[in-house]
Amino acid sequence: MSTTTPPAVGGLTSQELLAGYRTMRVIREFEERLHREFATGEIPGFVHLYAGEEAIAAGVISHLNDDDYVASTHRGHGHALAKGCDVDGMMAEIYGRYDGICHGKGGSMHIADLSKGMLGANGIVGAGPPLVCGVGLTARIRKTAQVGVSFTGDGGSNQGMFLESLNLAAVWNLPVVFVVENNGYAEATSNEFHSSGLDVAKRADGFGIPGVVVDGHDFFAVHEAAGEAIGRARRGDGPTLLECKTNRYYGHFEGDQQTYRAPGEVEELRATRDCLDGFRAAVTEGGLIAAAELDAIDAEALAQIESSVARAKAAAVPDLSEVLTDVYVDY
Amino acid sequence: MSTTTPPAVGGLTSQELLAGYRTMRVIREFEERLHREFATGEIPGFVHLYAGEEAIAAGVISHLNDDDYVASTHRGHGHALAKGCDVDGMMAEIYGRYDGICHGKGGSMHIADLSKGMLGANGIVGAGPPLVCGVGLTARIRKTAQVGVSFTGDGGSNQGMFLESLNLAAVWNLPVVFVVENNGYAEATSNEFHSSGLDVAKRADGFGIPGVVVDGHDFFAVHEAAGEAIGRARRGDGPTLLECKTNRYYGHFEGDQQTYRAPGEVEELRATRDCLDGFRAAVTEGGLIAAAELDAIDAEALAQIESSVARAKAAAVPDLSEVLTDVYVDY
Amino acid sequence: MARKTSFQNAINEAMLQEMERDERVVVFGEDVVGGSGAPGVLDAWGGVLGVTKGIHARFPDRILDTPISEAAYVGAAAGAAASGLRPVAELMFVDFMGVCFDQILNQAAKFRYMFGGKAVTPMVLRTMFGAGIRAASQHSQALYPMFTHVPGIKVVVPSSAYDAKGLLIQSIRDDDPVIFFEHKALYTLEGDVPEEAYAIPFGEANVVRSGGDVTIVALGRMVGVAQEAAKVLAGEGIEAEIVDPRTTSPLDEETILESIEETGRLVVVDEAGPRCGFAADIAALAAEKAFGDLKAPIRTVTPPHTPVPFSPVLEDAYVPDAAKVAAAVREVTGAAAPAGVA
Amino acid sequence: MARKTSFQNAINEAMLQEMERDERVVVFGEDVVGGSGAPGVLDAWGGVLGVTKGIHARFPDRILDTPISEAAYVGAAAGAAASGLRPVAELMFVDFMGVCFDQILNQAAKFRYMFGGKAVTPMVLRTMFGAGIRAASQHSQALYPMFTHVPGIKVVVPSSAYDAKGLLIQSIRDDDPVIFFEHKALYTLEGDVPEEAYAIPFGEANVVRSGGDVTIVALGRMVGVAQEAAKVLAGEGIEAEIVDPRTTSPLDEETILESIEETGRLVVVDEAGPRCGFAADIAALAAEKAFGDLKAPIRTVTPPHTPVPFSPVLEDAYVPDAAKVAAAVREVTGAAAPAGVA
Ligand SMILES: Cc1ncc(C[n+]2csc(CCOP(=O)(O)OP(=O)(O)O)c2C)c(N)n1
Ligand SMILES: Cc1ncc(C[n+]2csc(CCOP(=O)(O)OP(=O)(O)O)c2C)c(N)n1
Ligand SMILES: [Mg+2]
Ligand SMILES: [Mg+2]
């Protein structure tokens, strides 16, 4: 056992740094692979990819324990992976297999694992914030230090359920954090239009809770701001709205041609704002982490996704009797 | 025809002043009388009285024309009277008579008259703001100078429909005004609790629209602020949130004992903050209006309400066949 | 030990006893305490009609007032249930479902299925329903057919004080999301109610009255209406069997079908609307599974396909009454109306 | 002049023609233009599946994108209709009704009644529904039974391109609030559609196929399923009559009852859930008003009382198919299954 303090960026140990990088890289590989697989026509249904936004899931969720809960969105793979959901189980779910994390009954938009505190991706925009108010209530009533974190898009921040939840959490003084992933678009509609281009964080003021804006491409910035918000929640000091400015690389869903975006917009973002590139530069420049260590994670992630796709494709579909099960605990 | 400018308070002509006073007095008499009549058991259903808040309805709606629209609340008598709904018709409605403004089918909570631009009292808290967004859209599409005004309580400002509407009106740049009547309570729950005691007007900031706070006991203050907001709307400069701080004299509904209020709270308000008293003092002190003129209005209002109650009691109830009519225009 | 108490007290008692028994049970809703943040007394209301009165005195930390944000707090009930509490939330009037239905329809009801059987969401949503108190179109609806349509939730509609207590206790102990419908005109109804806690299992209909000539299926306040009709009919020599399903989902098909097997005739009386309603649901059940037993057309007695009118005379004409039920029974049994009855 | 075009184009054309004819018609919803405020091309989407594509080019001022605030903009449709426009709002998937239902249930639907007949609310809410494209539990529901239950609104469920155009034009011209259900798996279905505008009256069922042995009632995508079944059955000597009500509210009871009078047998196939659903509604109608004509129990063929599963194999097993319909028909007609069919 070494007694020297390991090097850190933003107060992070090298282990934490590597873990953060690994989370982002696994998400990226997962999503890039899905993008290619979707094109073959083998993946059923609607698929919304998180590529480009990884620093948010990784930066926020690295502060959470298994008994903290996350309520996610339609764009939920990143949150689920960061919260510890099984990669193979997720991939098999997306392929509609019985080995899927929901036995193939949920699919991409409903990936969940309550044993990991993953309350579900959600096909209903804005439905997650009320759910984490409930998590916060559980923590408050049971006097635990649990925290609930919801993710919502910029578009979702116009949904009444989200806005009501800000107030409910304030009034009940709940240990929750409302993360807003502002990627500038709600489907094809720009934030300039659907929210008059304003910061979502500004809405927090009207409910008397802190509203914070952070660069969502920057793992370190997200990590720090989320740490404060989650710490505040754990200390019993109430909710925070944390807005992360980000970008998505792919269409709203697979199949979207993104003609509403400026030509070259995504290429430019990939070249200049990529969270993985930024992270790599920050940790390698100062010599904190050797590039080779990151390369090894990259290779591992690639292999892991490769294997999960192979397993998913080979896995059995559910038995037809599964249609009728799991509706009720007891009926 | 005289060429001298008539005396004015806050830029109001004496005719306008008398009209404002009359509106407030008729509302007050209407509500005080209902309070007494309710106690006899002859009035069916839920009745929410507006007494104490008259300056808001009178001050805001005096700026509106018949083709401007108002969407009201469960506490709607004041708005309906100010918007020009027939007093006899309203009273008969509350008694459930066929002569009622809605043929007895609506009752106190659904008084409406579209020919007067009264889009209805509403039993659903927060349902009015979306409706006036629609009115605003009508004006925008038809390029008229019409305005839509919704009223919402402090409690109703926590309802998602209200909050969404602020944003929709901002995004579509609609000619609407969202009036919030903050009487400090949502039923038995205090504004201190249900909105952390904050000004509702603060919520406007997050949507990029002006939020204004005004003393709702003061007809002149309301009139001026409402004039600005409605003017802004008519000019095409978009929505405003106008919060009027006010108080209700009676319980949430008739029958409520108000034990959640401080002893003497209402008596104190009646003695010191009454909108009619304040108005009388303001206009008589400077000699703008003779007290006798106001007394005459008081007597007329009393007589009008007296007569409307007598008519309502004598009026016929609807024929049973009325149950089946008015569901559809054509079915 | 049973003693007479009201439907309302029975519900109050069920909550208190379950809160005592299980510290995961929490209660919240608008003004369920009443007076939060206000200068006067707390627990001023105990719910808009006093049904939660006294809970605050006993369990001050486990009952909470809410803002008028039904979507947020009904969703919070789902989230709390999924994370370990057993919330009993209140939707003041079921008419307000339109502002929070997503959290029931797409969240609480579907968690278990969407998540492959790995979620348990033991929440109860108590709500008032029904006509008869001149509350007009937006505060008088029955609406349980809409909830019955939704897989994943259970729907309870008690008709007596005894059932209200036992079914609410079962609702709270149940591991599935439950919506519990309280008819506002039944709150003062008295009945024999044991003091101790007891649970009435879901999906077990109550044969409220036995009779061999016709089966009347009725729920909630319509059970009393059916009983009134049955008394009149008995005087005419027609013995009606009244079956109260108590829960519309799950539904005790067996008891209903057995009764029809005996009587050969079915009248369904229901306060919900006729189209895609509960009366149609029961009629369809019989037409599919008891066709061979039926000796006459099925008759449903429901309000018309209209909103609930305000004026007392109209509202009274809108809601099914004993005379309409008796007339329907006479029709299916081929009996003549007694002199003086239309 | 009729020519082949798709269900989706038929809908698009109906909107364009009515916008041309009546300047009070406006269209709004999420991404119905697509690209508002964005740096790229406007009308990038024309709705999530392109159904409103091209409207912006023709009527740039009368089509608006909205924030994701369904309650606000559906309510705005009601308010706009009450104040003089004829809005056609879009609820992307009917599954999202839970966030905006109040504005339909308690506002648009009830204005006329609550206001004593003095309001007119000519709004249309277009919405996608139905299973079959692996969209999972929250994007695949049918839900029209809930709307059918609500007095004051009309409910339209077209099954062909021809009907889609004519019924949507009627919806826009109609003075009552209408909800218009578009099955997402029908968008590419081609059919003969006149180029000119035409309206199909509400409450007039379409007898899609004539036959004397059994009546099959079916709506939306289930009409095609029933036709498939009928073809198989015809090979076995069973002639099915298929009645498509086209609107569930108002309902053409007459055509359905007349058909049953001829055939004496009823099978209802429906994609909505079984409990308090549309199939039950039709079965109840027959059990009440055509009992004397029925020679066999009624059979309903619906999905089970479960959410819609994601996995393609499960979803396919969930939705009624021709085999299930044929089996139900064989049952009620007493025919033996042909060799090789279970
Ligand atoms: C209540 C509801 N309305 C609309 C939709 C359709 N929809 C799905 S995702 C989406 C856009 C969401 O935008 P945003 O919240 O910014 O998230 P992003 O997709 O950018 O991550 C919309 C409109 C939905 N699923 N639920
Ligand atoms: C959606 C909805 N939730 C709850 C209610 C019950 N309710 C009627 S009035 C009211 C309080 C409203 O308070 P506020 O908005 O402040 O108006 P005030 O009564 O003070 O004028 C409540 C909770 C309702 N009618 N509609
Ligand atoms: Mg976005
Ligand atoms: Mg108030």
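Residues numbered from 1 in each chain as written. Chains lettered and ligands numbered in written order. Predicted model: local features only at pLDDT ≥ 70, side-chain atom pairs only at ≥ 80, totals over all residues. Heavy atoms only, no water.

**Side note on a negative patch on the surface**
Residue and element names in this part refer to chain C. Negative charge collects at one region of the surface, where E254, E258, E261 and E262 lie side by side. Take E261: it is sitting in helix 9 (residues 253-263). Using a relative accessible area of 53% as the deciding quantity, one classes E261 as exposed. (Patch = residues over 30% accessible without salt bridge, like charges linked within 9 Å, V, L, I, M, F, W, Y side chains within 5 Å. Areas by Shrake-Rupley, 256 points an atom, 1.4 Å probe, with all protein chains shown as cover. Salt bridge = Lys/Arg side-chain N within 4 Å of Asp/Glu carboxyl O. Lys, Arg positive; Asp, Glu negative; His and termini not counted. Charge placed at Lys NZ, Arg CZ, Asp CG, Glu CD. Helix = DSSP H or I, 4+ residues; strand = E, 2+ residues; numbered from the N terminus. Buried < 20%, exposed > 50% of the residue type's maximum accessible area, 1.4 Å probe, protein only.)

**Things to note about the confidence of the model for chain A**
Mean pLDDT over chain A: 96, with 98% of residues reaching 70 or higher. Scored below 50 in pLDDT, residues 1-7 of chain A makes six contacts in the model with residues more than four places away or belonging to other chains. (pLDDT = per-residue confidence, 0-100. Contact = heavy atoms within 4.5 Å.)

**Quick word on the packing of helix 3 (residues 70-82) of chain D against helix 4 (residues 101-108) of chain D**
Residue and element names in this part refer to chain D. Taken N-terminus to C-terminus, the directions of helix 3 and helix 4 make an angle of 30 degrees; their axes are 8 Å apart at the nearest point. By the angle between their axes, helix 3 is roughly parallel relative to helix 4. The interaxial crossing formed by helix 3 with helix 4 has right-handed handedness. Of the residues in helix 4, those in contact with A71, V74, G75 and A78 of helix 3 are Q103, I104 and A108. Taken together, the residues that form the contact of helix 3 with helix 4 break down as five nonpolar, two polar and no charged. (Axes fitted to C-alpha atoms, helices over the stretch in contact; angles between N-to-C directions. Parallel < 35°, antiparallel > 145°, perpendicular 65-115°, else oblique. Left-handed = near helix turned anticlockwise from the far one by under 90°. Nonpolar A, V, L, I, M, F, W, Y, C, P; charged D, E, K, R; others polar.)

**Looking at the interface of chain B and chain A**
Between chain B and chain A, the residue contacts involve 20 residues of the former and 20 residues of the latter. Looking at the side of chain B facing chain A, the largest losses of area belong to E164, V171 and G206 of chain B, adding up to 26% of the total buried there. Applying the counting criterion to the chain B and chain A interface returns zero salt bridges. The interface formed by chain B and chain A holds 10 residue pairs in polar contact (both at pLDDT 80 or more) in total. Within the residue set of the side of chain B that touches chain A, elements represented by two or more residues are helix 6 (160-171) and helix 7 (191-194) of chain B. Classifying every residue of the side of chain B that touches chain A gives seven nonpolar, nine polar and four charged. (Buried area = accessible area lost by both parts, 1.4 Å probe. Polar contact = N/O pair within 3.5 Å; in protein donor to acceptor, adjacent residues only side chain to side chain.)

**Quick look at the relation of the copies chain B and chain A**
Take chain B, turn it by 180 degrees, move it 0.0 Å along the axis, and it overlays chain A with an RMSD of 0.0 Å. Expressed as a symmetry operation, the mapping of one chain copy onto the other fits a two-fold axis. Among all C-alpha atoms of chain B, that of G160 of chain B lies closest to the rotation axis, at 1.9 Å. A shared interface surface links the copies, since 100% of the contact residues of chain B are contact residues in chain A too. (Least-squares fit on C-alpha atoms with pLDDT ≥ 70 in both.)

**Notes on the site of ligand 1**
Within the structure, ligand 1 sits among 21 residues, and H74, R75, G123 and D154 of chain A together with E70 of chain D are positioned closest to it. The environment of ligand 1 is shared, with nearby residues belonging to chains A and D. Within the contact set of ligand 1, a nitrogen atom lies 3.3 Å away from a side-chain nitrogen or oxygen of E187 of chain A. Class assignment of the residues belonging to the shell around ligand 1 gives a composition of seven nonpolar, nine polar and five charged. (Near = heavy atom within 4 Å.)

**As for the UniProt feature "domain: Dehydrogenase E1 component" (unreviewed entry) in chain A**
The sites that carry the UniProt feature "domain: Dehydrogenase E1 component" (unreviewed entry) are, in the present numbering, residues 23-319 of chain A. Secondary structure within residues 23-319 of chain A divides into 43% helix and 10% strand; the distance between the first and last C-alpha atoms comes to 33 Å. (UniProt positions renumbered as here; feature names shortened; annotations may be inferred.)

**Section: the coordination of the magnesium ion (ligand 4)**
Residues and elements named next belong to chain B. Around the magnesium ion (ligand 4), the protein supplies D154 (OD), N183 (OD1) and Y185 (O) as donor atoms, at distances of 2.0 to 2.1 Å. All donors to the magnesium ion (ligand 4) come from one chain, and their sequence spacing reads D-x28-N-x1-Y. Taken together, the positions of D154 in the loop between strand 2 (148-153) and helix 6 and N183 in the loop between strand 3 (176-182) and strand 4 (185-186) put the pair 29 residues apart, joining distant regions of the chain. A relative accessible area of 1% means that D154 is categorised as buried. (Donors = N, O, S within 2.8 Å, 3.2 Å for Na, K, Ca; no water.)

**Some details on the domain arrangement of chain C**
Residues and elements named next belong to chain C. With domains assigned, chain C is organised as domain 1 (2-194) and domain 2 (206-333). Once you take the C-alpha centre of each, domain 1 and domain 2 turn out to be 27 Å apart. Contact residues are listed per partner, giving 25 residues for domain 1 and 24 residues for domain 2. Both sides together, the interface formed by domain 1 and domain 2 hides about 2000 Å², and carbon and sulfur atoms give 57% of it. At the junction of domain 1 and domain 2, the tally comes to three salt bridges. Between R134 and E315 there is a salt bridge, with its nearest N and O atoms 2.7 Å apart. On the surface where domain 1 and domain 2 come into contact, there are 14 residue pairs in polar contact (both at pLDDT 80 or more). For the side of domain 1 that touches domain 2, the secondary structure elements donating two or more residues are helix 6 (144-148), strand 6 (154-156) and helix 7 (161-173). Class assignment of the residues belonging to the side of domain 1 that touches domain 2 gives a composition of 15 nonpolar, seven polar and three charged. (Domains from an automatic or database assignment.)

**Side note on the site of ligand 2**
Neighbouring ligand 2 are 21 residues, the closest being H74, R75, G123 and D154 of chain B together with E70 of chain C. At the site occupied by ligand 2, nearby residues are drawn from chains B and C. One nitrogen or oxygen atom from the main chain of G123 of chain B is found 2.7 Å from a nitrogen atom belonging to ligand 2. The backbone of G156 of chain B places a nitrogen or oxygen atom 2.8 Å from an oxygen atom of ligand 2. Taking 580 Å² as the accessible area of ligand 2 by itself, protein coverage stands at 97%. For the shell around ligand 2, a count of residues per class yields seven nonpolar, nine polar and five charged.

**Comments concerning the interface of chain C and chain D**
Taken together, the contact pairs 53 residues of chain C with 53 residues of chain D. Across the chain C to chain D interface the summed buried area is about 4500 Å²; carbon plus sulfur atoms make up 62%. For the interface between chain C and chain D, the tally reads four salt bridges. Applying the counting criterion to the chain C and chain D interface returns 26 residue pairs in polar contact (both at pLDDT 80 or more). Secondary structure elements with two or more residues in the side of chain C that touches chain D: helix 4 (101-108), helix 5 (111-114), helix 6, strand 12 (247-249), helix 10 (278-289) and strand 14 (299-301) of chain C. In terms of residue count, the dominant contributor to the side of chain C that touches chain D is helix 10 of chain C (seven residues).

**So, the sheet that holds strand 13 (residues 266-269) of chain C**
All names here are of chain C. Spatial ordering of the open sheet is given by 9-11-10-13-14, a layout of five strands whose pairing is mixed. Each of the sheet's edge strands pairs with one partner strand only, and the pair in question is strand 9 (206-209) and strand 14. For this sheet the average axis-to-axis angle between neighbouring strands, irrespective of direction, equals 25 degrees. Sheet topology places strand 9 next to strand 11 (residues 240-244); three bridges connect them, and they run antiparallel. Residue R209 lies in a different strand from strand 11, and its bridge partner there is I242. Across the face of the sheet, helix 9 comes into contact with strand 9, strand 10 (214-218), strand 11 and strand 13 while running at roughly 155 degrees to strand 10. (Pairing = 2+ DSSP bridges.)

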